[in-house]
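Close look at the chain arrangement
Chain by chain, the residues run as shown.
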Amino acid sequence: MSVLVNKNSKVIVQGFTGGEGTFHAEQMIEYGTNVVGGVTPGKGGQKHLNKPVFNTVSDAVEQTGADVSIIFVPPAFAADAIMEAADAGIKVIITITEGIPVADMVKASDYIKDRDCRLIGPNCPGVITPGEAKVGIMPGFVFKKGKVGIVSKSGTLTYEAADQVVKQGLGITTAIGIGGDPIIGTTTKEAVELLMNDEETECIVMIGEIGGQLEADAAKWVKENGNKKPVIGFIAGETAPAGRTMGHAGAIVGGSEDTAQAKKKILKENGIHVVDSPAEIGMKVAEVLKN
């Protein structure tokens, strides 16, 4: 089992012929992901990376049966790309684009909520099910197949956690980079829930950061549902000055519950195994699984 993407996923790339789209599509194809084509308006009918290019997502879906899309469209047009994918019947929409205006994301997330699709991101590294499909910008070689699920707001820490888990002789079922923007499609809680319900996932690594309530909501949900699987938690931003936006647009401490210390306290109270440094993630996973 896996969640969101697997070897049967049929993936299209929106923004296929642009620099970012080309570079990462090549990497995804090389990894073995089933990329069936891409979308660049005005270039329909052409071939790119030996795959067909379509003018619209609905053309791509109609002709390839695509069910997953990855978006490398510039910020000004990315929200439209999300809505277009939802309209065309894409089930999993993974948005890599950073810097989408908040007002655009409000509109896009409202638009897709009654449609049968799931949005991951924006401003995220994507999703990988090792050995099956890499739909994102993560370095595929770091990830090996196994029993540990990863949910992370941070791209770099996703790879770091995976690397450490693998160095402990373990591996990953699916790693989900949910993105660091204030408005994202799939929350920490929803991503944790997907992995909790996945038969192959035995343990979950949840990486959060200062700002917002996502990790606290996830931790409370885990406890309310009987702590069925061990969850290892790490919160980035311990030394961040209060009130300062740090890199990710979502990482701003608004209230007393938004700080790293407060979040860690909430996680511990809800039975999450909290580590103080990302360097401890792999060891803690191994220790918890042994017990």
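Residues numbered from 1 in each chain as written. Predicted model: local features only at pLDDT ≥ 70, side-chain atom pairs only at ≥ 80, totals over all residues. Heavy atoms only, no water.

To keep things clear, this is the line we draw: UniProt positions are given in the numbering used here, feature names are shortened, and annotations may be inferred rather than shown by experiment.
Per an unreviewed UniProt entry, the protein chain goes by the name Succinate--CoA ligase [ADP-forming] subunit alpha and belongs to Christiangramia oceanisediminis. A UniProt comment under Sequence similarities (unreviewed entry) is attached to the protein chain, and it reads "Belongs to the succinate/malate CoA ligase alpha subunit family." Recorded in UniProt for the protein chain, the comment headed Subunit (unreviewed entry) runs: "Heterotetramer of two alpha and two beta subunits."

Some remarks on the overall build of the protein chain
The line we're drawing: Helix numbers and strand numbers start at the N terminus; a helix is a DSSP run of H or I with at least 4 residues, a strand a run of E with at least 2. Any residue under 20% of the maximum accessible area for its type is buried, any over 50% is exposed, and the rest in between are partly exposed; the area is computed with a 1.4 Å probe on protein chains only. Contacts were defined at the residue level, with two residues in contact if any of their heavy atoms lie within 4.5 Å. All accessible-area figures derive from a Shrake-Rupley calculation using a 1.4 Å probe, and residue coverage is judged against the displayed protein chains alone. The convention is simple: Lys and Arg are positive, Asp and Glu are negative, and His and the chain ends are not counted. The atoms used to mark charge sites are NZ of Lys, CZ of Arg, CG of Asp and CD of Glu.
Along its length, the protein chain carries nine helices and 14 strands. Judged by the C-alpha coordinates and their principal axes, the protein chain covers about 55 × 40 × 30 Å. Considering the protein chain as a whole, with its 291 residues, one finds that 54% of them fall into the buried category. A separation of at least 24 residues holds for 73% of the contacts in the protein chain among residues at least 6 apart in sequence. Total accessible area computed for the protein chain in this model is approximately 12,100 Å², and 50% of it derives from carbon and sulfur atoms. With 28 positive and 35 negative side-chain charges, the protein chain shows a spacing of 4 Å between the two charge centroids.

Here we look at the sheet that holds strand β13 (residues 231-236)
Rules: When DSSP finds at least two bridges between two strands, those strands are taken to pair. The angle between two axes is taken between their N-to-C directions and runs from 0 to 180 degrees, where each axis is a line fitted to C-alpha atoms and a helix contributes only its stretch in contact.
With mixed pairing, the seven strands of this open sheet are ordered in space as β9-β8-β11-β10-β12-β13-β14. Looking at strand neighbours, the two that pair on one side only are β9 (133-136) and β14 (273-274), the edges of this open sheet. Along the sheet, helix α1 (residues 19-31) makes contact with β8 (126-129) and β9, crossing β9 at roughly 170°. Strands β10 (145-152), β12 (203-209), β13 and β14 of the sheet are contacted by helix α9 (residues 281-290), whose axis makes an angle of about 150° with β12.

A word on unusual backbone geometry
Cis rather than trans, the peptide bond between G121 and P122 has omega equal to 10°. With respect to the element layout, P122 can be found in the loop between β7 (118-120) and β8. The backbone of L4 sits at a positive phi, close to 70°, despite the residue not being glycine. By secondary structure assignment, the location of L4 is in the segment before β1 (11-14). If you check the backbone angles, N227 has positive phi at about 45° while not being a glycine. Mapping N227 onto the fold places it in the loop between α7 (214-224) and β13.

Structural notes on the UniProt feature "binding site: substrate" (unreviewed entry) in the protein chain
Taking the numbering used here, the UniProt-annotated feature "binding site: substrate" (unreviewed entry) corresponds to Y159. Inspection of the secondary structure puts Y159 in helix α5 (residues 155-167). Those residues in contact with Y159 that lie beyond four places of it in its chain are P125, I137, M138, P139, V142 and F143.

Considering helix α8 (residues 260-269)
All buried positions along α8 are accounted for by A260, A262, K263, K264, I266 and L267. Those residues of α8 that are buried are in contact with β12, α7, β13 and β14. Directly after α8, the chain includes G271, whose backbone phi takes a positive value near 85°.

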